[in-house]
Amino acid sequence: MFGRLKERKFNWNLVVIPVILLLSVISLINLRNADFYSGDIYHEKQVIWYLLAIIVGVVVAALDLKIFERLAWPSYIVTVLLLLFTLVSGKTVNNARRWVEIAGFTFQPSEYIKLAMILVLAKVLRENHRPEYHTIRSLWKVFFIILGPSLLVVMEPDLGTTLLVLFCATTIILYEGVKWRSLAILVGVFLLIFPLAWKFDFIREYQKNRIRLWLDPDQFKWDPNAKKLLDKTLQPEQALWAIGAGGFLGKGSFQGSKTRLKYLPEMQTDFILATYAEEHGFLGCMVLGVLYTILFLWGANVARTARDRFGVLVAVGVTAYLFWQTVMNIGMVTGMLPVVGITLPFMSYGGSSLLSIMVGIGLLMNIGLYRGRV
């Protein structure tokens, strides 16, 4: 009897589908509540995006994974071209040129470079897989794949997405394996990139100010010209007050402080967690944390059980994408990280972000169902 029980494997798919549906429902309810404070109708628009994203995710899950392997380079090239087009003729919002409008349809190409880069890295590393660890010389093509999109995205400017792209790529490379000497050199180069980007203004002044304010808000206290800059500290500060005001059980739906929440920048996107935390408290945040943790564990299990190397690396990349984006947003909202403009998967409003996430979920479903081989 016990032998038979041991032979039964845990079916992650039976758990993760309800988790995804529950996250979607929580997201829509929370966006509806956020609209109550802001007076907008973002949740109604997000319902349409969810319907489209779920359909796309199901189609991705059903297709042969080899199709995505063949489309890796074309999707990467098209997305890079879209990033170039964005810098030249993109739509500017809040001093950032990140959106492209075609036939009345507005989307953000930088959201899709995450998946395109994951696919092409998985393909290149599968084709150049080595029993021994990689060196810098064997990874030269990988560095060029990462460098191009990263420079284009940071020029928009979009520091959050740039960091996310680098974190995802680094996770895939480390999973594939790098010799210690080469790893030490890579870490040294990475540590040099930030000060160089700071010195040569690849990081914009307002992004530098966000980091300065995060490190030491009082350094601007005696500057008479810094009032506008100091006012921006109200935004993450109000997020912390909202989280703290939620207590253990939260205030309940529509019971948050309109006065406090109106100071939050992009309340429906980057700081959506603050609204949720004030209404649902520590307990609600713990529930959300458990749902995300199940999602990450499922992705790790998909990577562990995939039979095809391409499927393994795609699963690692998509799981890293979901994990790092969640960690970065939570760190930003709670003040543990500077504000870099990154959304919370599933919870934040945004069609491009949701479509990208659902395609990633569809890829994980595909690999999980067919073990990377159809």
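All of these numbers come straight from a predicted model, not from anything done at the bench.

1. Remarks on helix 2 (residues 12-38)
Thinking step 1. Relative to the 39 Å expected for 27 residues at 1.5 Å per residue, helix 2 spans 38 Å between its end C-alpha atoms, a close match to the ideal helical length.
Thinking step 2. Phi turns positive, to about 80°, at glycine 39, one or two residues after helix 2.

2. Notes on the pattern of salt bridges
Thinking step 1. The tally for this structure, following the rule as stated, stands at five salt bridges.
Thinking step 2. One salt bridge connects glutamate 127 with lysine 123, and the closest N-O pair in it is separated by 3.2 Å. One end of the pair, glutamate 127, and the other, lysine 123, are both in helix 6 (residues 109-127), four residues apart, so they sit about a helical turn from each other.
Thinking step 3. With its nearest N and O atoms 2.9 Å apart, the salt bridge here joins arginine 309 to glutamate 176. Within this pair, whereas arginine 309 is found in helix 15 (residues 309-333), its partner glutamate 176 is found in helix 8 (residues 159-176), the two being separated by 133 residues in sequence.
Thinking step 4. Take arginine 309: its relative accessible area is 26%, and that puts it in the partly exposed class.
Thinking step 5. On the accessibility criterion, glutamate 176 (6% relative accessible area) is buried.

3. Some remarks on the packing of helix 2 against helix 3 (residues 42-62)
Thinking step 1. Running from amino to carboxyl end, helix 2 crosses helix 3 at an angle of 155°, the nearest separation of the two axes being 8 Å. One way to sum up the angle between helix 2 and helix 3 is to call them roughly antiparallel. Of the residues in helix 3, those touching helix 2 at Leu23, Ser24, Ser27, Leu28, Leu31, Arg32 and Asp35 are Tyr42, His43, Gln46, Val47 and Tyr50.
Thinking step 2. Across the contact of helix 2 with helix 3, the residue classes break down as six nonpolar, four polar and two charged.

4. What to know about helix 7 (residues 140-154)
It helps to recall that an α-helix has 3.6 residues per turn; residues three or four apart then point in one direction.
Thinking step 1. Counted at 1.5 Å a residue, the expected span for helix 7 with its 15 residues is 21 Å, and the 21 Å between its end C-alpha atoms agrees.
Thinking step 2. Taken residue by residue, helix 7 has Val142, Ile145, Ile146, Pro149, Ser150, Leu152, Val153 and Val154 as its buried positions.

5. Examining the packing of helix 3 against helix 16 (residues 351-370)
Thinking step 1. Their axes nearest at 7 Å, the elements helix 3 and helix 16 cross at an angle of 30°. Judged by the inter-axis angle, helix 3 sits roughly parallel to helix 16. Read as a crossing pair, helix 3 and helix 16 show a hand that is right-handed. Note on element contacts: helix 16 touches helix 3 through Gly351, Leu354, Leu355, Met358, Val359, Gly362, Leu363, Met365, Asn366 and Tyr370, opposite Gln46, Trp49, Tyr50, Leu52, Ala53, Ile54, Val56, Gly57, Val60, Ala61 and Ala62.
Thinking step 2. Residue classes in the contact of helix 3 with helix 16 are distributed as 16 nonpolar, five polar and no charged.

6. Observations concerning the sheet that holds strand 2 (residues 96-102)
Thinking step 1. Read across the open sheet, the three strands follow the order 1-2-3; overall the sheet is antiparallel. Edge strands, defined here as strands with exactly one partner in the open sheet, are strand 1 (91-93) and strand 3 (105-107). The sheet shows a mean angle of 40° between the axes of neighbouring strands, direction not considered.
Thinking step 2. Here three bridges tie strand 1 to strand 2, and the two strands are oriented antiparallel to one another. Counted as the bridge partner of threonine 92 is arginine 97 from strand 2.

Parameters and conventions
- Residues numbered from 1 in each chain as written.
- Predicted model: local features only at pLDDT ≥ 70, side-chain atom pairs only at ≥ 80, totals over all residues.
- Heavy atoms only, no water.
- Helix = DSSP H or I, 4+ residues; strand = E, 2+ residues; numbered from the N terminus.
- Expected span 1.5 Å × (residues − 1).
- Salt bridge = Lys/Arg side-chain N within 4 Å of Asp/Glu carboxyl O.
- Buried < 20%, exposed > 50% of the residue type's maximum accessible area, 1.4 Å probe, protein only.
- Axes fitted to C-alpha atoms, helices over the stretch in contact; angles between N-to-C directions.
- Parallel < 35°, antiparallel > 145°, perpendicular 65-115°, else oblique.
- Contact = heavy atoms within 4.5 Å.
- Nonpolar A, V, L, I, M, F, W, Y, C, P; charged D, E, K, R; others polar.
- Left-handed = near helix turned anticlockwise from the far one by under 90°.
- Pairing = 2+ DSSP bridges.

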